Amino acid sequence: MTERTKVILDESEIPARWYNVMPDLPAPMPPPLHPGTGQPVGPEDLAPLFPMELIRQEVSADSYVDIPDVVRDVYRLWRPTPLYRAHRLEKALNTPARIYYKYEGVSPAGSHKPNTAVPQAYYNAAEGTKRLTTETGAGQWGSALSFACAQYGIDCEIWMVRASYDQKPYRRTMMETWGATVHASPSRTTKAGADILAADPDSTGSLGIAISEAVEAAGGSADTRYALGSVLNHVLMHQTVIGEEALKQFAVAGESAPDLIVGCTGGGSNFAGLFFPFLREKLAGRINPVIRAVEPAACPSFTRGRYAYDFGDTAGFTPLLKMHTLGHDFIPDPVHAGGLRYHGMSPLLSHMYELGLFEAEARQQRECFAAAITFARAEGIIPAPEPTHALASVIEEAKRCAESGEPKVILTALCGHGHFDMAAYQRYLSGEMEDFELSQERIDDALTRLPTVAG
Ligand SMILES: *Cc1c(COP(=O)(O)O)cnc(C)c1O
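In this text, all values refer to a predicted model and were calculated from it rather than measured experimentally.

Moving on, we come to the overall build of the chain. Looking only at helices and strands, the chain has 19 helices and 15 strands in total. Against the 2.2 N^0.38 benchmark of 23 Å for 455 residues, the chain shows a C-alpha radius of gyration of 21 Å, consistent with a compact globule. Referenced to the eigenvectors of the C-alpha coordinate spread, the extents of the chain come out at roughly 60 × 50 × 45 Å. Here the chain holds 455 residues, and the buried ones make up 62% of them. Taking the contacts inside the chain whose residues are at least 6 apart along the sequence as the reference set, 77% of them involve residues at least 24 apart. As displayed, the chain has an accessible area near 16,700 Å², and 50% of this comes from carbon and sulfur atoms. Where the 40 positive side-chain charges of the chain centre and where its 55 negative ones centre are 4 Å apart.

This next bit is on the sheet that holds strand 5 (residues 98-103). Note: strands within a sheet are paired through backbone hydrogen bonds, in either parallel or antiparallel orientation. Strand order in the open sheet formed by seven strands is 1-4-5-15-10-11-14, and the pairing between neighbours is mixed. Edge strands, defined here as strands with exactly one partner in the open sheet, are strand 1 (6-7) and strand 14 (359-363). Note that strand 4 (residues 83-85) and strand 5 share three bridges and pair antiparallel. The partner of Arg85 across the bridge, within strand 5, is Tyr100. Helix 16 (residues 365-379) rests against strand 4, strand 5, strand 14 and strand 15 (409-414) of the sheet, and its axis sits at about 95° to strand 14.

Across the seven residues that make up strand 7 (residues 155-161), a large majority, six, are buried. Here strand 6 (residues 131-136) pairs with strand 7 via six bridges, running parallel. Each residue of the ladder has a partner; that of Thr136, found in strand 7, is Met160. This β-α-β element, strand 6 to helix 6 (residues 140-152) to strand 7, shows right-handed connectivity.

For helix 9 (residues 191-199), the set of buried residues is Ala192, Gly193 and Leu197. Looking down the long axis of helix 9, one finds its buried residues gathered within 130° of arc, a one-sided arrangement. The exposed residues of helix 9 that point more than 90 degrees off its buried face are Lys191, Ala198 and Ala199. Close packing links the buried residues of helix 9 with helix 10 (207-219).

Entries for the chain in the domain assignment read domain 1 (6-14 + 76-110 + 234-439) and domain 2 (47-66 + 112-231). Summarising the inter-unit geometry, the C-alpha centres of domain 1 and domain 2 are found 23 Å apart. The partner domain 2 presents 38 residues to the 39 residues of domain 1 that form the contact. Across the interface of domain 1 and domain 2, roughly 3,300 Å² is buried in total on both sides, 61% from carbon and sulfur atoms. For the pair domain 1 and domain 2, the number of links is one salt bridge. A salt bridge links Asp421 to Lys168, with the shortest nitrogen-to-oxygen separation between them at 2.6 Å. Viewed at the interface, domain 2 and domain 1 are joined by 19 residue pairs in polar contact (both at pLDDT 80 or more). Put simply, the parts of the chain that give the side of domain 1 that touches domain 2 at least two residues each are helix 11 (233-238), helix 12 (240-252) and helix 13 (269-283). Considering only residue class, the side of domain 1 that touches domain 2 consists of 18 nonpolar, 13 polar and eight charged.

The rules behind each value
- Residues numbered from 1 in each chain as written.
- Predicted model: local features only at pLDDT ≥ 70, side-chain atom pairs only at ≥ 80, totals over all residues.
- Heavy atoms only, no water.
- Helix = DSSP H or I, 4+ residues; strand = E, 2+ residues; numbered from the N terminus.
- Rg over C-alpha atoms; globule rule 2.2 N^0.38 Å.
- Buried < 20%, exposed > 50% of the residue type's maximum accessible area, 1.4 Å probe, protein only.
- Contact = heavy atoms within 4.5 Å.
- Areas by Shrake-Rupley, 256 points an atom, 1.4 Å probe, with all protein chains shown as cover.
- Lys, Arg positive; Asp, Glu negative; His and termini not counted.
- Charge placed at Lys NZ, Arg CZ, Asp CG, Glu CD.
- Pairing = 2+ DSSP bridges.
- Axes fitted to C-alpha atoms, helices over the stretch in contact; angles between N-to-C directions.
- Right-handed = clockwise from strand over helix to strand, strands pointing away.
- Arc of directions from axis to C-beta.
- Domains from an automatic or database assignment.
- Buried area = accessible area lost by both parts, 1.4 Å probe.
- Salt bridge = Lys/Arg side-chain N within 4 Å of Asp/Glu carboxyl O.
- Polar contact = N/O pair within 3.5 Å; in protein donor to acceptor, adjacent residues only side chain to side chain.
- Nonpolar A, V, L, I, M, F, W, Y, C, P; charged D, E, K, R; others polar.

Below, the structure is given as structure tokens:
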């Protein structure tokens, strides 16, 4: 048999259920707290922001949640996504490692984000929401939610981090094509944005600020709610369609299991979506992969952040989340992987990291773009800047295998394409891209403003 390059599943193999990792964990995660009382937040605290079904999923103790047929029907537009065997990359690296990547760039928005945008828009529409607000950094989440809202006929209003708004005008046009309204953040449309601009008229914004604006804008009216593209438990659960398909595809490829699973982490959703189903198998004793998160050295929440209660946004509107954080007003240097520039991390993944269920490392962007170029020249696909972090780790591992002769099986999530990131590639190719050293003082300074937990 010639070895196949990609495994494509039939539409009938789109998962029927999302997998919820929480009941399988050896210890429960610390709950989100109300910043005023220090008590765990209840459903009624979240109801102004999220539809009840998503609040239910956020705290669900069920191992599986059925995917509504109307959501699976929209998933059919691009799912199942292909699993590729990177034969050409392996050859270029002269490695005995077998490298696989699950490619989520085939979605309409070009990343894994529609996997959760579609169900979030659906549950909102079903519960009467007329308008969704959100933030976007590089524009991938905003694109995904715009597309999803168009599927269910609801309005979408987006606060896009100013730096990206200026650098990536075509992502904005993409959102507008699907019918969304886009503001540069900080904006004067909210008090949170206006306050930031009063202090710093030239602010280039951050995800934390844009979240504050979108949350504030959702608070005003009963038929408006807010959607978050990463970090929360229900978002990570929606992304498990990635790993469930990959498990089946591994079986079709005749591989028993990966030895190593690698993903990039911003808020943690594509990484979690890929590895949670494999972790289920690992916890059941059936397989034993090493699992690794890769984050940018400019925003290293796992590797240099503190595991503590902090706000999810800059203005302090969200509940307190126990997570690896660099401080809610930490503004990372402007690396091109905009989707990884979040001060915090998923509380669920943070808890699992503390439990030792996976490892983490941080990488500089020039090394990541070097890996992206190697990958693109071998495999053709031009990766988004975010997954280049995982690719840098994969390539290093594959080179190690070339020395040791070990035929490791490596799996990574190629969670998006980089077609809107040509400016970043141009900077790399012309030698203008810079790495940023993050001083301990800057981290320590931001951490002095962590909230104190009441009670
Ligand atoms: C949003 C995004 C990320 C970061 O978010 P996670 O929740 O960590 O996955 C990474 N890659 C791409 C392509 C993205 O769009």
